Amino acid sequence: MGPDVPLLNDYKQEFFWKRFPQTVLGGPRLKLGYCAPPYVYVHQLVLFLTPWLLGGVGTLLYQLRVMGDLHAAVLSGALMFVAGGTLQALAQRVAQRTGAVQRLPASNNILADEEEVEFTHCIAPETVRFVVPGKRFMGNVVLHTALAGTLCGLGTWYLLPDRLSALYGGTGAGMGAVVPIFVLSWLTLCIGQYSLIVNTATETATFHPQDTYEITPLTRPLYIFAFVAVDLAQRFAGPMPELQLTSQVLHVLFLVLPLLWALGTLSPLDALILWGMEQSLVFGLGGSPMSTNLRLFVMFLSSACVAVCTFFIPSSLGVVLFTIAVGYLLSQDLSQLVLLFPRRKRDSSFPSQTFGLGWWELPLSLVLLAGAMTEGGLLHHYYPTVGNHSLSTEALPNWVLEELPEPQVAVGYVLIALFVLTRTLREIQGAYILGGLFHNSLYPRQASSVQAFRRRSRGIRAAGLVRRVLLNLVSPFAMIAFLSMDSSLQRLHTASLAVGFTRAFRVVWQSTEETLLHMTVVVVVKLASEGNAVNRWHSLDTGIQLILVALISDRLSQFLSKLKFALTVLVTSWTETKQRRQSAGALLALNGALCPLLLAVVALSALLSAPLLPLFTLPIFLVGFPRPLRSWPGTPGTACPCPDSVYYRQLGASLASALRSALARGVLGSSSPGSHFLGRFQDRVAWITVLERGYGYCTVNIKGLELQETSCHTVEARRVDEVFEAAFDRLESPGTFFHGLNPHWGNALTPCTALPVRVYSDARNVLTGVIDSPDHLRQLRLDFLKCLLWLLLRHCAQETAFGNHKGTDRKSQSSQHALHVEPGSGEVKVAVPPAPSDDSSSPVRLRRDSSSLTSFGDWSDEDDLFGPVPVRRPVRVIRTGGGEDGRTTLECGISLPGSVEIHSLYENMALSSLPPLRPLGLGLGLPAVDKGKENLTAPTGVTPAQLNFRCPYSERLSLAPAWRTAPLPPSRLQPLRPFFPEDWLRFCLSQLVLDGFGDGDLEHMSQALLEDQVLLELYAQVVLSCLVALGAEVPLPSPSYVFRVYCGDAPWTEGLEWLKGNKELYQLALRAFRYSVKLLIDQASLGPVESLEELHSTLRDYHSDWFIGLTTDHGWHENVLQEKPFLFSLGHDLTMGTYTGRVLSLQEHLVQLGHLNEEGVRGQWANLSWELLYATNDDEERYSIQAHPVMLRNLTVQAADPPLGYPIYSSAPIHLSCL
């Protein structure tokens, strides 16, 4: 797609220009897209102006001095309440009358607009429903009506002309300011009232995709109430210049509320509450953004209660001890205490949701807590010299409270040294330094293997270990020492102490690295301002100073990050030729001319901690509404799963374990909540989001992006590879200064490090010249016989070991009954169990004809005799009435002409009662029967008791009776007897003895088994029968045949139904064929197997370390999750007409990890939310989803939470212990 693809298609453009005016006006639908009667527009206009008319009544009566301002406001509110109640009652009445029966339109035009309504007259039910849709819940009817009345009354009081004149009288503006403010303010009030009581407009600021509980109508009135509340406070608080100035400014901002609502700058109610709690928790109470909404709510309430309790503690020593203890506890993930106790059932969706220290965490936490409380208590008791005061310190001189005691000065210098040292140790561990601008010469380059990387990065790991100790063990105690000696602790029962020091003693643990920076700034300012007049700053408590420094630091960091993102969008809109639209030059010129406005937008978004929204990802910047750092309302863990998700499930567990040490060492930077990282290995792209951070733990979410790469995905993935190659694989050639610069500094991705992770490497090969080579295919038959023999022996040995061999039919028969054979007869008498029907059941005589059909009920002309044959239905048993001896005769209908359904025939017979088979050399298969015979002689089989094994241990290796009843004539098996590998069978038997099979003398046991000819003939019969049943007896099979059998779709043969009926034998035969195909490929690439020992070792390796099957098999997914060392699959490329082999190898590989510009991610996600939820621009080829190699736009859209994004894997929040 070119860069000038339409931002919105024609249909969406029409839809947008109908919706946007409705949003601006608060709900009136004045642009319908079809002809509507004039009274529809008149109704909406009257209802829109009704609050102004009713409020004008109270305003007029007040201006005429008929009543006071309060009574005028009450009158207006009461009138609005009555009008709103009448309107809602009418809407509910119409809904009740037309809810069950809907009037059909006169003409049903299927091509008409879906929103088109046929109006009959001005008060018709469809007209009422169109103008006033009504509320879904009766509680909202009452609530919204009451709020409408209150809003109108307070709005009347807020906008009284005399009040406005008094407010702006001192400014000299006079009536020139009052009249415009009065008129435009009432317009704002009407917009808010209409959305509340008449019809709610779709908001551009949408957080939840669906408004289930009708919260959206409350958004605009909420902001109006906030403005009115400030004015009421200014009225009742008396003359306060600050409040008066604030009220004057807010009256002006009240005019632009419709513009802010239309642009989506103001948060909806649900997002505003979550954002407010998150900001208060982080900057007011010392917490961290939380991984879920429930955790945020619980943590906010807990932290607020702690601050309130601190206010009432009567002793400063008690404040220190209480805040240290509670701050440490709240900085832990207390939900992990549950994991210390055994659970009955664990979540299987992720191999491990927690990577912690186990039982060591509890005693270590107790030791740290005891040490911190002891240190803080002792230092506060002896410093400052004025002692520990339990009463108010108002009588103390100011110089005592503002003095910086000498021990505190020493601790301050220690904090500065710790900050410089820890920051330096963090910088030298990454691939780049100074914000990703310069290459780090200490970082190992071109590491060919994990071992080489670890060897060359020992120094970096040592630096990380030192930093880990300094940051987790030394820095918290140093900061506690500094705070414990602070003189501000003497100001008891103040809000600054309750909030400031409660937060200060908590952030020491919650966010140690950031707090070390903030405390260093406070110390430097105090040391630098000695002797200078900075009374305003020093009058603040240290806790309040830390809050201000943290807030300024966070907003400054956001401003720089947003500014970099804005410059990236601006510059790449011209430099990237595939992104250069026709309007690019005009937009660049406009941004250059309005540069101060652009900086103001960036600054405002940083001040509000709101995303910077690039409209359609063009250089048109808006301030998105403030929302939590997670950007999405739901709990992380929702994905769009597909078969490839299993690879990310395996990668997620290993990657989380590697992230644990990386986060602890600081190699990923500060990694504060809201940070995003991108991991890349082969075709896998992992998106990692930091959700929550505390002392010694971090909570992350890992997402996996699609593996079936689209063109856009491929372009961005290629650029990601180039960025990582420039960081990790560049040649060492020092010299020039510019060579050390990061060539991709403007990219959204900044490489951090490479992590050793146990992950599957995916190798795909074209098998041309291998699977179609006649030399290799000739070996396939012998290899299959050897593999099947080895699997059968191993299967019998395992059955014997588990005690499941005797008396079992290996799941091939559902029940067993007595069976009798009459000598010299071709009939078999079977005892049939009682049937649920009314017919009496008794022993019956079973007849079967080999040349004629008893029933044609199962025959179909659509059966494909030459293609894959589905599993046939069981042979139908027909009761024909009484036979000889009063027995009921059963005749079996054949499902396909020419097929012999032996398994179905003997399905309900006892295995021990089957007639014996002749030895293989004396005749194989069924006895020959003339076509004219009426009855078919039953196949003769051998029971374990009738097989005269020469070796007593052969009984344990005997095969199931059903496996010896292949419906194959001797002419099919006798020619194949010379191909049976007797030497291989004897070798496998000897190896089986050496592996511990049986008890007694090994040499004697081995010799007895090797000399047992009956056992050899038994295995020859079963193995050769499976060979013929699969159609593998041909000397030179075709590649298509090999692929079909490998996939379990063998062509129909006369023995295939028998083989599939014995499910366990069929699975063994299929596995043996797959082993033989894998052996064929290995011999083609590595050389032929030269000895029986090598073949035996290879098969053991296949069985223990390999899964050989198809990628669509359920076992493939299970073995990936169980981390089988190797997996192999055979495939067919239909487009190229070639056969392919795929091998997954589980090894430690280096997964490259980079840090993403979090503000760029938040900005693109904000645009995605606006574009899909408001503009409904879900076109798969839209401009904002096209590939952008610098912004990584397509990958960012994929990583969004569903339903807007489509990651194929998303883990639940994962707790990582980083202590």
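An unreviewed UniProt entry lists the chain under the name Pecanex-like protein, from Chanos chanos. Recorded under Subcellular location (unreviewed entry), the UniProt text for the chain is reproduced unchanged: "Membrane". Its UniProt record gives the chain the following Sequence similarities (unreviewed entry) comment, quoted word for word: "Belongs to the pecanex family."

This part takes up the overall build of the chain. On a plain count of helices and strands, the chain comes out with 40 helices and 19 strands. Across the 1219 residues of the chain, 52% fall into the buried class. In the chain, once contacts between residues fewer than 6 apart in sequence are set aside, the share between residues at least 24 apart is 76%. By element, 62% of the accessible surface of the chain is carried by carbon and sulfur atoms, the whole surface being about 53900 Å².

Summarising the element assignment, Thr204 is placed in the loop between α7 (175-197) and α8 (219-236). For Thr204, a relative accessible area of 5% translates into the label buried. A C-alpha to C-alpha distance of 9.6 Å links Thr204 and Val24, two positions 180 residues apart in sequence. If we ignore the near neighbours within four places in the chain, the residues touching Thr204 are Thr23, Trp261, Ala262, Leu263, Gly264, Trp1170 and Tyr1174. Looking at Thr204, its side chain comes within polar contact range of the main-chain oxygen of Ala262, at 3.1 Å.

Judged by side-chain polarity, Leu245, Val249, Leu253, Val256, Leu259 and Leu263 come together as a nonpolar surface patch covering roughly 490 Å² of accessible area. At the level of elements, α9 (241-253) and α10 (257-263) are the ones that each hand at least two residues to the nonpolar patch. By residue number, the principal contributor to the nonpolar patch is α9, which donates three residues. Within the secondary structure, Leu263 sits in helix α10. The class of Leu263 is partly exposed, set by a relative accessible area of 35%.

Peptide bonds are, in most cases, trans, and in most cases residues other than glycine have a negative phi. The step from Pro1202 to Pro1203 runs through a cis peptide bond, and the omega angle for that step is 10°. With respect to the secondary-structure elements, Pro1203 resides in the loop between α40 (1193-1198) and β18 (1209-1210). Phi at Ser609 takes a positive value of approximately 55°, unusual for a residue other than glycine. For Ser609, the location among the structural elements is in the loop between α24 (595-607) and β4 (612-614). The buried category is assigned to Ser609, whose relative accessible area is 3%. Look at Thr617: it is not a glycine, yet its phi comes out positive at around 60°. Here Thr617 shows up in the loop between β4 and β5 (621-623).

Scanning the entire structure with this criterion turns up 31 salt bridges. Two residues, Asp683 and Arg684, come together in a salt bridge whose shortest N-O distance is 3.4 Å. Neither residue differs from the other here; Asp683 and Arg684 are each classed as buried. Ionic pairing is found between Glu1033 and Arg972, a salt bridge with its closest N-O pair at 3.0 Å. One end of the pair, Glu1033, is in the loop between α33 (1013-1029) and α34 (1039-1046); the other, Arg972, is in helix α30 (residues 970-973), with 61 residues separating them in the sequence. Salt bridges sharing common partners tie together Arg426, Glu427, Arg467 and Glu513.

With numbering matched to this structure, UniProt assigns "transmembrane region" (unreviewed entry) to residues 39-64, 141-160, 172-197, 249-275, 296-313 and 586-608. Each end of residues 586-608 is marked by a C-alpha atom, and these two atoms are 29 Å apart; helix forms 91% of the span and strand 0%.

Moving on, we get to helix α20 (residues 512-528). End to end, α20 covers 24 Å across 17 residues, agreeing with the expected 24 Å (1.5 Å per residue, within 8%). Turning to α20, its buried residues number three or more, namely Thr512, Glu513, Thr515, Leu516, His518, Met519, Thr520, Val522, Val523 and Lys526.

The subject of this paragraph is the packing of helix α11 (residues 269-284) against helix α19 (residues 495-510). Across the interface, α11 lies against α19 with an axial gap of 9 Å and an inter-helix angle of 80°. Judged on the interaxial angle alone, α19 and α11 are roughly perpendicular. Contact with α11, carried on its side by Leu281, Val282, Phe283 and Gly284, involves Val499, Arg503 and Arg506 of α19 and no other residues of that element. Residue composition of the contact of α11 with α19, grouped by class: four nonpolar, one polar and two charged.

Attention shifts here to the packing of helix α22 (residues 542-575) against α24. Where α22 meets α24, the axes come as close as 9 Å, and the angle between the chain directions of the two elements is 135°. Classified by the angle between their axes, α22 and α24 sit oblique to one another. Crossing handedness for the pair α22 and α24: right-handed. Contact residues: Arg555, Gln558, Phe559, Lys562, Leu563 and Leu570 in α22; Leu598, Leu599, Val602, Ala603, Ser605, Ala606 and Leu607 in α24. A per-class count over the contact of α22 with α24 returns nine nonpolar, two polar and two charged.

Definitions and cut-offs
Residues numbered from 1 in each chain as written. Predicted model: local features only at pLDDT ≥ 70, side-chain atom pairs only at ≥ 80, totals over all residues. Heavy atoms only, no water. UniProt positions renumbered as here; feature names shortened; annotations may be inferred. Helix = DSSP H or I, 4+ residues; strand = E, 2+ residues; numbered from the N terminus. Buried < 20%, exposed > 50% of the residue type's maximum accessible area, 1.4 Å probe, protein only. Contact = heavy atoms within 4.5 Å. Areas by Shrake-Rupley, 256 points an atom, 1.4 Å probe, with all protein chains shown as cover. Polar contact = N/O pair within 3.5 Å; in protein donor to acceptor, adjacent residues only side chain to side chain. Patch = residues over 30% accessible without salt bridge, like charges linked within 9 Å, V, L, I, M, F, W, Y side chains within 5 Å. Salt bridge = Lys/Arg side-chain N within 4 Å of Asp/Glu carboxyl O. Expected span 1.5 Å × (residues − 1). Axes fitted to C-alpha atoms, helices over the stretch in contact; angles between N-to-C directions. Parallel < 35°, antiparallel > 145°, perpendicular 65-115°, else oblique. Nonpolar A, V, L, I, M, F, W, Y, C, P; charged D, E, K, R; others polar. Left-handed = near helix turned anticlockwise from the far one by under 90°.

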